[in-house]
Amino acid sequence: MEGLWRLLSRIKDYKRSFILSIFSNSMLSIFTVVSIPLLIPFFSILFDRIPALPVRPAGSEINEWVKYYMSDLIVSQGKEMALFWVCVLLVIVFFFKNLFRYSALYFMAPLRFGIIYDLRKKLFNKYLDLPLSFYSNERKGALISTLTLDVQEVEWSILNVIESVFKSPIIMAGSIFFMIYINAGLTLFVFILVLFAGLIIGKVVNTLKKESNNVQEMVANLTSHVEETIGGLRVIKGFNAENYQITKFEKENASFRNLLTKVVNRRDSASPISEFMGVSVVTILLWYGSHLVFKEELAPETFFAFVFAFYQVIEPAKSFSSAYFNIQKGMAALDRINRVLETDNEIISKPGAIHKKSLTTSIDFNNVGFKYKDNNVYALQDVSVEIKKGQVVALVGSSGAGKSTFVDLLPRFYDVSEGTITIDGVDIRDIDITDLREMFGIVTQDAILFLDTIANNSSFGGNFSEEQIMEAARVANAHDFIELLPKGYHTNIGDRGLKLSGGQRQRLTIARAVLRDPPILILDEATSALDSESERLVQDALHKVMRSRTSVVVAHRLSTIQQADNILVLENGQIVQSGLHENLINEIGPYKKFVEMQSFS
Ligand code: ADP
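Residues numbered from 1 in each chain as written. Predicted model: local features only at pLDDT ≥ 70, side-chain atom pairs only at ≥ 80, totals over all residues. Heavy atoms only, no water.

## Some details on the overall build of the protein chain
- A count of helices and strands for the protein chain gives 20 helices and ten strands.
- Computed over the C-alpha atoms, the radius of gyration of the protein chain is 37 Å, more than 25% above the 25 Å expected from 2.2 N^0.38 for a compact globule of 601 residues.
- Over its C-alpha atoms, taken along the principal directions, the protein chain stretches across nearly 125 × 50 × 45 Å.
- The 601 residues of the protein chain split such that 48% are buried. (Helix = DSSP H or I, 4+ residues; strand = E, 2+ residues; numbered from the N terminus. Rg over C-alpha atoms; globule rule 2.2 N^0.38 Å. Buried < 20%, exposed > 50% of the residue type's maximum accessible area, 1.4 Å probe, protein only.)

## A word on the sheet that holds strand β9 (residues 566-571)
- In spatial order, the strands read β6-β7-β8-β3-β9-β10; together these six strands make up an open sheet with mixed pairing. On the outer flanks of this sheet lie β6 (440-443) and β10 (574-579), each paired with one strand and no other. Pairs of neighbouring strands in the sheet enclose a mean axial angle of 20°, with direction left out of account.
- Bridge analysis of strand β3 (residues 392-397) against strand β8 (residues 550-554) gives four bridges, and the strand direction is parallel. (Pairing = 2+ DSSP bridges. Axes fitted to C-alpha atoms, helices over the stretch in contact; angles between N-to-C directions.)

## Overview of the pattern of salt bridges
- Counting across every chain of the model gives 14 salt bridges.
- Here lysine 356 and aspartate 424 are joined by a salt bridge, their closest N and O atoms 2.6 Å apart. With a gap of 68 residues between them, lysine 356 in the loop between α10 (300-341) and β1 (362-371) and aspartate 424 in the loop between β4 (418-423) and β5 (426-427) connect regions that are remote in the sequence. By the burial criterion, lysine 356 is buried, and aspartate 424 matches it. (Salt bridge = Lys/Arg side-chain N within 4 Å of Asp/Glu carboxyl O.)

## Focus: the site of the ligand
- Around the ligand sit Ser136, Tyr372, Asn375, Ala379, Ser398, Ser399, Gly400, Ala401, Gly402, Lys403, Ser404 and Thr405, and those are all the residues in its vicinity.
- Interatomic distance of 3.4 Å between a side-chain N/O atom of serine 136 and a nitrogen atom of the ligand.
- The backbone of alanine 401 places a nitrogen or oxygen atom 3.2 Å from an oxygen atom of the ligand.
- Relative to its free-state accessible area of 560 Å², the ligand is covered by the protein chains to the extent of 64%.
- Element by element, the count of residues in the shell around the ligand is highest for helix α11 (residues 403-409), at three residues. (Near = heavy atom within 4 Å. Polar contact = N/O pair within 3.5 Å; in protein donor to acceptor, adjacent residues only side chain to side chain. Areas by Shrake-Rupley, 256 points an atom, 1.4 Å probe, with all protein chains shown as cover.)

## A few points about helix α20 (residues 590-597)
- Burial in α20 covers these residues: Pro590, Tyr591, Phe594 and Val595. Each buried residue of α20 sits inside an arc of 135° when the element is viewed along its axis, so together they form one side. Residues Lys593, Glu596 and Met597 are exposed on α20 and point more than 90 degrees away from its buried face.
- Directly after α20, the chain includes glutamine 598, whose backbone phi takes a positive value near 55°. (Arc of directions from axis to C-beta.)

## Quick notes on the pairing of β9
- For β9, the buried fraction is high: five of the six residues fall into the buried class.
- Pairing analysis gives five bridges linking β3 to β9, with the strands arranged parallel. Note that in β9 the partner of valine 396 across the bridge is valine 569.
- When β9 meets β10, the two strands line up antiparallel, connected through five bridges. Across the sheet, the residue bridging to glutamate 571 is glutamine 574, located in β10.
- Between the antiparallel neighbours β9 and β10 lie two residues, among them asparagine 572 with a positive phi of about 45°.

## Details of the sheet that holds β5
- Read across the sheet, four strands follow the order β2-β1-β4-β5 without closing on themselves; strand pairing throughout is antiparallel. Edge positions in the sheet fall to β2 (378-388) and β5, since each of these pairs with one other strand and no more.

## Re unusual backbone geometry
- In this structure, aspartate 424 is a non-glycine residue whose phi angle is positive, near 50°.
- Backbone geometry at phenylalanine 460 places phi at a positive 50°, although glycine is not the residue there.
- Looking at the secondary structure, you find phenylalanine 460 in the loop between α13 (454-459) and α14 (466-475).

## Comments concerning the nonpolar core
- The biggest cluster of nonpolar side chains holds 42 residues, and the ones touching the most others in it are Ile454, Tyr489, Ile510 and Ile567.
- By residue number, the principal contributor to this core is helix α16 (residues 502-515), which donates six residues.
- Among residues more than four places away in sequence, those in contact with isoleucine 510 are Val443, Ala476, Val538, Ala541, Leu542 and Val545. (Core = buried A, V, L, I, M, F, W, Y, C linked by side-chain atoms within 4.5 Å. Contact = heavy atoms within 4.5 Å.)

## Concerning the packing of aromatic side chains
- For the structure on display, the rule yields 14 aromatic pairs.
- Judged by centre distance (5.3 Å) and plane angle (85°), the rings of tyrosine 106 and phenylalanine 107 are edge-to-face.
- Measuring from ring centre to ring centre gives 4.5 Å for phenylalanine 189 and tyrosine 288, while their planes differ by 40°; the resulting arrangement is tilted. A residue pair is termed long-range when its members are at least 10 positions apart, and phenylalanine 189 in helix α7 (residues 184-231) and tyrosine 288 in helix α9 (residues 242-294) qualify at 99 residues.
- When its relative accessible area of 27% is taken as the criterion, tyrosine 288 is described as partly exposed.
- Members of the aromatic cluster, connected to one another through ring pairs, are Phe23, Phe31, Phe95, Phe96 and Phe100.
- Note that lysine 371 overlies the ring of tyrosine 378, its terminal NZ or CZ placed 4.7 Å from the centroid. (Phe/Tyr/Trp six-rings, centres within 6.5 Å; stacked < 30°, edge-to-face > 60°. Lys NZ or Arg CZ within 6 Å of the ring centre and 35° of its normal.)

## A few points about the environment of glutamine 312
- Turning to its location among the elements, glutamine 312 is positioned in helix α10.
- Expressed as a C-alpha distance, the spacing of glutamine 312 and arginine 101, which sit 211 residues apart in the sequence, is 14 Å.
- In this view, glutamine 312 contacts Thr32, Ile36, Lys97, Ile171 and Ser175; residues no more than four positions away in its chain are not counted.

## Let's talk about α16
- Between its terminal C-alpha atoms α16 stretches 20 Å, which fits the 20 Å expected from 14 residues at 1.5 Å a residue.
- Burial runs high along α16: 13 of the 14 residues are buried.
- Following α16 by one or two positions, aspartate 517 has its phi on the positive side, about 50°. (Expected span 1.5 Å × (residues − 1).)

## What about the packing of α16 against helix α17 (residues 532-547)?
- Closest axis-to-axis distance for the α16/α17 pair is 9 Å, and the angle between their directions is 10°. On the basis of their axis angle, the class for α16 and α17 is roughly parallel. Each of Gly503, Gln506, Arg507, Ile510 and Val514 in α16 lies in contact with α17, whose residues at this interface are Ser534, Leu537, Val538, Ala541, Leu542 and Val545.
- Classifying every residue of the contact of α16 with α17 gives seven nonpolar, three polar and one charged. (Parallel < 35°, antiparallel > 145°, perpendicular 65-115°, else oblique. Nonpolar A, V, L, I, M, F, W, Y, C, P; charged D, E, K, R; others polar.)

## As for the side chain of serine 551
- Structurally, the position occupied by serine 551 is in strand β8.
- Ignoring any residue separated from it by four or fewer positions in sequence, one finds serine 551 in contact with Gln391, Val392, Val393, Leu521 and Met546.

Functional significance is not addressed by these values, which are geometric in nature.
This is the structure we're talking about:
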């Protein structure tokens, strides 16, 4: 509920639209209500029930006054002309009614879509803000469908309701007032009937809302599946696993179909049931009303207007009942949105954080321990090491030893659970996080590139000249192949850079990292084998960029390791050996084994 109020409080940012929309809605209501008694003279003339001579009525009954003006009009203009003017008036009233109906929607549109725009923007910003740890427990598909479907759902359920809530009351109140004014007894009679019908319809609607929650869940599953499949096409095709994926998708798709069929069948039953109930009520009203007309307790034209007024109440009443259902559905979507928006990012700059962009002496791990959330085993334990400025430190160890965790702690992708990491003696948690991350250039194992041009992938939001981009590419041994591309630096490299070879992608990511000229490099060497020429170019590029910097390398190649100033051998999250290649190779221990097997990870 709190989330709903927060959503509604956004309306204040769209005050102008909101007020104009309310104004239009009020005008719409007034014209709707006014159009009802206007029908009386129309029917009066049609049924020839106007007295020949105008007699000023003594009381204030609308009916009598209308009759008085009508006979006045008939006397002066003739019956045909009088009917004509009544029709003209009717058309005018309905013209304005619909004009305001349109303007109410017209002014509501910027509010609805503005609120939705804000929600989407906030969600996207949040997705970027949240720490990596958040994503270990989330499914991509669910996060995508929250940003697309859930936001859509909020738009058309909750905001639709707001719209009808502000539109209907005046029309309903006006119509009901008019009905009571005409015949209080008949009005009471009708409302008892409506209440009875409403109870039955309500039962049907109630069973609906539970199932619609599952619909979102299924959409998320499907989205996840498609996203994974497209991302993993290379593997799927390579392993001839198309049928396996198809079968998995079939299963999800089929249960989605079954659920939707069930939900829609249930939902579709609501409309016929309510129509049938509605007609029954109207029939009873017609029967009872005609009865009153026969007994001359009610004028036929008044009865017509009454039925019309009743119709004006039924429509909004129906929308109120579906509003309840829609709010339930929208609330479920809003909850999913708010759950993300309310997740706090604990990895942020402290107030008064230190601004620091350079490394002068060393990076130190002091008794660092780290556990992943929901995991009781230490991924790193009691790690103490000094990385001096200018050193190349290589991390070696079998898979799962903690190498990635070690490097992820440096730019604070995760915060240490125990101990501290300091740069020049300053705890990295005290450094402004933007500054901290600026100190690192990161080259990941799988080259992560985006659907954009080479130049944009390289500068990646930074403000660099063409010269600088080319210089970085030269250092990364990428300039030559880029020059040969059809549009050079302005070539679009396709989704995830798929139009480039593996080696080219890696060199481009190296260029991206060195373009910013960061003091510290974090390199995760690719494990996948490249052809020897590419391999040589990549290795050569890496060695060039490491030369003048401090580097932490998750190493998989002997040539890289041999160059290192310090090798850290990790096992189960602990440093079990450290030192230079020449020394370690002579020690009995895991390092010797790694070298013998030529496998460092
Ligand atoms: P390496 O890079 O040496 O292969 P990692 O640093 O990736 O090893 O992993 C170290 C340990 O932490 C492993 O036991 C792994 O299962 C665990 N781990 C890694 N990432 C996560 C995560 N996101 N959530 C929970 N546990 C993780």
